[in-house]
Structures are given as structure tokens and as C-alpha cells.
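Observations on the model geometry
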Amino acid sequence: MEPGRAGPARLAALERRTVHVADITAEPGFSPVVLQYERARTVLAVPLLRGKDLVGVIAIWRREVRAFTDEQIALVTSFANQAVIAIENARLFNELRQRTDDLSQRTTDLTEALEQQTATSEVLRVISSTPGDLKPVFDAMLANAARLCEAKFGALGLREGDALPHRRHT
């Protein structure tokens, strides 16, 4: 539905005001097919507004000509206001959830980066403490790689000609 003058709900959206039509067939300007399917005669349309922004429209109607009372109009207006609050709350909740998810992902990324830096530091420490001995270096690399990648096992193969035999397991 686009705002316009073809019917009460469209007019409520266009003018951002409550539209109450006691007998739609007696109102000039409304298209007779607007609510023909529902055979509406009395129509009440209340815009859902967040400030001046249109969120939607609540429309109710009767098949007989019987105007809505001031209390009924006030009730539907109250429902419209409550609907806007509920929509805004849902939007804020979803925005907060997205921000929380983003923050959680950033925390995970930072934790992983710190773990990788710690593992690299440990391997460098082993390299500097055991110059010339590759076994502790390979063991540290495999242990850290398996831990960081949440793997149970790891192997390191060193090329010997065209072969790649496994030399270290963790």
C-alpha cells in the first residue's frame, strides 16, 4: 500500500493523521473498489508514527454504517502507539544483538591472535634455546599447531628426495 488519497488507510499514511469515515460510500474522492472486497462502510485508519516517520497504519472497518466512538478511536490510537513502541523495541533489541555478536566475534579474533602470538613466541624461544637441535623446535611447532587448530594429532614430514616421510607426531 502506497500513501495516497484512494482510501482511508492510504490517506492516513499520506497525511499522517487518523482518518475516520462514517460511510465510505458517501465520501467523495475515495475509490469505490478500495474496500469493496471487504464491503466496508465505516472505516477507521490510524497511522503508526515514530516521531514524524510513518511505520505503518492500523485500519479497522465495519460492514454497516456505524461510526466509531471517541473511546474506540482512542483505543485504536493507543494500540497504534503501543505497536510503534514494540517495533522500536524489536529494532533496538536486534541492533543490540548484532552489536553483541560483532563484539563477541572481535573478542574471539583477538583471543585467537593472542594465542597465535604466544605460540610463535614459544617456538622462537625453543629455537633460540636449542640451536642446532631441530627435534624440540618441531615438537613445539606441532604441539602449538595442534592446540591452536583444536586437532588431536599432527605430523611433520621433511622432504628426502621425492619422499616426504613423517618425522614427528604429536
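What this report covers is the structure whose coordinates are included nearby. These figures come from a predicted structure and were not determined experimentally. (Residues numbered from 1 in each chain as written. Predicted model: local features only at pLDDT ≥ 70, side-chain atom pairs only at ≥ 80, totals over all residues. Heavy atoms only, no water.)

Moving on: helix H1 (residues 8-15). When we look at burial in H1, the residues that qualify are Pro8, Leu11, Ala12 and Ala13. Of the residues trailing H1, Arg16 is marked for its positive phi of about 50 degrees. (Buried < 20%, exposed > 50% of the residue type's maximum accessible area, 1.4 Å probe, protein only. Helix = DSSP H or I, 4+ residues; strand = E, 2+ residues; numbered from the N terminus.)

What follows deals with the side chain of Thr42. Relative to the assigned elements, Thr42 resides in strand E2 (residues 42-50). The class for Thr42 is buried, based on a relative accessible area of 0%. Here Ala22 takes part through its backbone oxygen, which lies 2.5 Å from a polar atom of the side chain of Thr42. Separated by 2.9 Å, the side chain of Thr42 and the backbone nitrogen of Arg66 make a polar contact. Setting aside residues no more than four positions away along its own chain, Thr42 makes contact with His20, Val21, Ala22, Ile60, Trp61, Arg62, Glu64, Val65, Arg66, Ala67 and Phe68. (Polar contact = N/O pair within 3.5 Å; in protein donor to acceptor, adjacent residues only side chain to side chain. Contact = heavy atoms within 4.5 Å.)

This brings us to the sheet that holds E2. The strands making up a sheet are joined through hydrogen bonds of the backbone, oriented either antiparallel or parallel. The three strands lie next to each other as E1-E2-E3, forming an open sheet whose pairing is antiparallel. Strands with a single pairing partner mark the edges of an open sheet, and in this sheet they are strand E1 (19-21) and strand E3 (53-62). Taking each pair of neighbouring strands and ignoring which way they run, the sheet shows an average axis angle of 10 degrees. Pairing of E2 with E3, which is carried by nine bridges, proceeds in the antiparallel orientation. Across the sheet, the residue bridging to Pro47 is Val57, located in E3. Against the sheet, helix H2 (residues 70-129) makes contact with E1, E2 and E3, and its axis sits at roughly 35 degrees relative to E2, the strand it touches most. (Pairing = 2+ DSSP bridges. Axes fitted to C-alpha atoms, helices over the stretch in contact; angles between N-to-C directions.)

This brings us to the side chain of Glu88. Relative to the assigned elements, Glu88 resides in helix H2. One polar contact links Glu88 to Arg91, side chain to side chain, over a distance of 2.5 Å.

For the rest of this paragraph, the subject is the nonpolar core. Leu11, Ala12, Val19, Val21, Ile24, Phe30, Ala40, Val43 and Ala45 form the largest nonpolar core, which has nine residues in total. Of all elements in the fold, only H1, E1 and E2 reach the threshold of two or more residues within this core. In this structure, Leu44, Ile73, Val76 and Ala80 belong to the second largest nonpolar core, which totals eight residues. (Core = buried A, V, L, I, M, F, W, Y, C linked by side-chain atoms within 4.5 Å.)

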